[in-house]
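In case you want the letters, here they are:
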Amino acid sequence: MAKTCVIIGLGGHARNSWLKAVRKHPDWELVGIVDTDTELLENVPNIAGLSEDQAYISIEDAIKYGQKPDMAIVATPIYTHHVLVKDCMDNGINVICEKNMATNINQGRQMVQMAIDHPELCTALGTQYRFFRPNFTAHKYLQGPDNQIGELCFVRAHESFNWGGIREGWRRWLQDLNLEDQAVHFIDLIRYVSGMDVVQVKADVFIPNFSDWQGSSTTLAHFALARPEDYRHRRKWVWVEYYSDWQRRGEPDFFWEFSGDRGRFVIDTKFGGLHLWLYTDPQGTKWEEDFYPSDNDVAGTGKGYDGQMVILEQMSRGIDSKGKVQPDTNFKEAFKSFAVTMACLESSRTGRSVWVPDYWKDMPL
């Protein structure tokens, strides 16, 4: 029997991605749409293929006049996430929340506390980039027995393109659009592939001098990565050069390079797989090139899923376990990626490096 799901917020992202994913995954049945736009709700039959009486203005109405769903997908503006997630979890509903987690660090901490208070419920953040095949392949390669590049030491991560038209709708009100919205995908990917946490951030967040935006589009940052046991061992840190931009002029700049002591690889973001440079002398002055193909069994689901389909699969299995097995992007894990976006803003505004673990030092993550 399929598990039931409602989508809260029927904006472009919900229509173009989550709606399609839910329809495609055999474990899930869409039973309602929640939105405060009553004109939009009138079009639910055409947009979502549901009846008029499956459109609601609140999750409480969905429960009262329809049925209590097994899961809700919160795909509303970021500054509403923490309240809507609480509304769902207070009613015993498992939650997938779109990125970014929240608007500020305190809201994010509140969401983590909800997950701690409700261990029987599953939570997940919609950071599905880690589950795209080339990205998962990079994670599996670096963390597994196939690793030929050795101990990771340096990362260059560029994700920059021209998306000027995105400053529309609710995003017009975001003070730091790039970091508040999209950047968490890429920061989460750095953490996922490396298997480490970001412990120190030095960042500059700005509006390019040619731009008439009123919110920043560009982030330049240096991150330090470390495993929990090495947080205070600077000699063991891995350093990251990070560049993210939504107003890049000219060609896009997608570049993901992970360097180790015995080689390096670049993720092929277009065709998949990893391009390898394997050093043949101790100084790394000579090398051989190779290619490592993408792994189609993302996160070991055994079903050929990627992206949001993996999150839906993990949520389904988590619900079957009554919360004992949580999705990989559960709130406690996702908070560590979200916190980096907040650390970048703090660093840019103060001009100082930020020690990121302070954001969760009193939380059982």
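Please read these numbers as outputs of a predicted model, since none were measured by experiment.

Let us look at the overall build of the chain. A tally of helices and strands in the chain yields 10 helices and 15 strands. What you see for the chain is a C-alpha radius of gyration of 21 Å, in line with the 21 Å of a compact globule of 365 residues. C-alpha atoms of the chain, sized along the principal axes, occupy 70 × 45 × 45 Å. Counting over 365 residues, the chain shows a buried share of 57%. In the chain, the share of contacts with a sequence separation of at least 24, taken over all contacts with a separation of at least 6, comes to 69%. Put simply, the chain shows about 16,300 Å² of open surface, and 48% of that area lies on carbon and sulfur atoms. Here the chain carries 39 positive and 50 negative side-chain charges, and the mean point of each set is 4 Å from the other.

Turning our attention to the side chain of Arg 248. Residue placement: Arg 248 occurs in the loop between strand S10 (238-245) and strand S11 (253-260). When near neighbours in sequence (up to four residues on either side) are disregarded, Arg 248 contacts Ser 160, Phe 161, Asn 162, Tyr 243 and Asp 253.

As summarised here, the arrangement of the 6 strands in space is S3-S2-S1-S4-S5-S6, forming an open sheet in which the pairing is parallel. Every other strand in the sheet has two partners, leaving strand S3 (55-56) and strand S6 (123-125) as the edge strands with one partner each. Note that strand S1 (residues 3-8) and strand S2 (residues 28-34) share 6 bridges and pair parallel. From the neighbouring strand, Cys 5 faces S2, where its bridge partner is Leu 30. Contacting S1, strand S4 (71-74), strand S5 (94-97) and S6, helix H5 (residues 81-90) runs over the sheet at an angle of about 160° to S5.

Between its first and last C-alpha, helix H9 (residues 308-320) extends 19 Å over 13 residues, near the 18 Å set by a 1.5 Å rise per residue. Counting buried positions along H9 gives 11 out of 13 residues, so the element sits mostly inside the fold. Every buried residue of H9 is listed here: Gln 308, Met 309, Val 310, Ile 311, Leu 312, Glu 313, Gln 314, Met 315, Ser 316, Gly 318 and Ile 319. As for H9, its buried residues are in contact with S1, helix H1 (12-24), S2, S4, S5 and S6. Once H9 ends, the next one or two residues include Lys 322, with phi positive near 60°.

A few words on the nonpolar core. One recurring pattern in soluble globular proteins: nonpolar side chains tend to sit buried together. Grouped together as the largest cluster of nonpolar side chains are 79 residues, with contacts concentrated most on Phe 223, Tyr 242, Phe 265, Phe 335 and Tyr 359. Per-element accounting of this core gives the leading share, 10 residues, to helix H10 (residues 331-350). The contacts of Phe 335, once residues within four sequence positions are left out, are Met 101, Ile 105, Gly 108, Arg 109, Val 112, Tyr 359, Trp 360, Met 363 and Leu 365.

In the segment running from Lys 99 into Asn 100, the intervening peptide bond is cis, with an omega of -15°. The residue Asn 100 is located in the loop between S5 and helix H6 (105-117) in this model. Phi angles above zero are rare outside glycine, and Ala 299 is one such case at about 60°. At Lys 322, a position not held by glycine, the phi torsion is positive, near 60°. Turning to its location among the elements, Lys 322 is positioned in the loop between H9 and H10.

All right, on to the packing of aromatic side chains then. Counted by the stated rule, this structure contains 13 aromatic pairs. Both rings, one in Tyr 129 and one in Phe 186, keep their centres 5.7 Å apart while their planes meet at 55°; by these two values the pair is tilted. Of this pair, Tyr 129 sits in the loop between S6 and helix H7 (133-143) while Phe 186 sits in helix H8 (residues 177-194); the two residues are 57 residues apart in sequence, bridging distant segments of the chain. Among the aromatic residues, ring-to-ring pairing joins Tyr 129, Phe 132, Phe 186 and Trp 256 into one connected group. Geometry around Phe 210 places Arg 249 over its ring, the cationic atom sitting 4.0 Å from the centre. Above the plane of the ring of Trp 277 lies Arg 264, whose end atom (NZ or CZ) is 4.6 Å from the centre.

Definitions and cut-offs
- Each chain carries its own residue numbering, running from 1 in the written order of its sequence.
- For this predicted model, a pLDDT threshold of at least 70 governs which residues receive local features, and a threshold of 80 or more governs which side-chain atom pairs are given and counted, while totals over whole chains, interfaces and linings are taken from all residues.
- To get the side-chain values, take all heavy atoms of the structure and skip hydrogens and water.
- By definition, any uninterrupted DSSP run of H or I lasting at least four residues is a helix, any uninterrupted run of E lasting at least two residues is a strand, and each is numbered from the N terminus.
- Values of the radius of gyration come from C-alpha atoms, whereas the globule rule sets the reference at 2.2 Å times the count of residues to the power 0.38.
- Only protein chains enter the area calculation, which uses a 1.4 Å probe; residues under 20% of their type maximum are buried, those over 50% are exposed, and those in between are partly exposed.
- By definition in these notes, contact holds between two residues if any of their heavy atoms fall within 4.5 Å.
- Residue burial considers only the protein chains on display, and all accessible areas are found by Shrake-Rupley using a 1.4 Å probe.
- Only four residue types enter the charge count: Lys and Arg as positive, Asp and Glu as negative, with His and the chain ends excluded.
- One atom stands in for each charge, and that atom is NZ of Lys, CZ of Arg, CG of Asp or CD of Glu.
- Only strands that DSSP links by at least two bridges are regarded as paired with each other.
- Every axis corresponds to a line fitted to the C-alpha atoms, with the helix fit spanning only the stretch in contact, and the corresponding angles, defined between N-to-C directions, vary from 0 to 180 degrees.
- What a helix is expected to span follows from its residue count: subtract one and scale by 1.5 Å.
- By nonpolar core we mean a set of buried residues, namely Ala, Val, Leu, Ile, Met, Phe, Trp, Tyr and Cys, connected to one another through side-chain atoms within 4.5 Å.
- Any Phe, Tyr or Trp ring, taking Trp's six-membered ring, that has another such ring centre within 6.5 Å forms a pair; planes under 30 degrees apart are called stacked, those over 60 apart edge-to-face, and the others tilted.
- Ring-over charges, as used throughout, are those where CZ of Arg or NZ of Lys falls within 6 Å of the ring centre and within 35 degrees of the ring normal.

Scope: geometric values only; no functional claims are made or implied.
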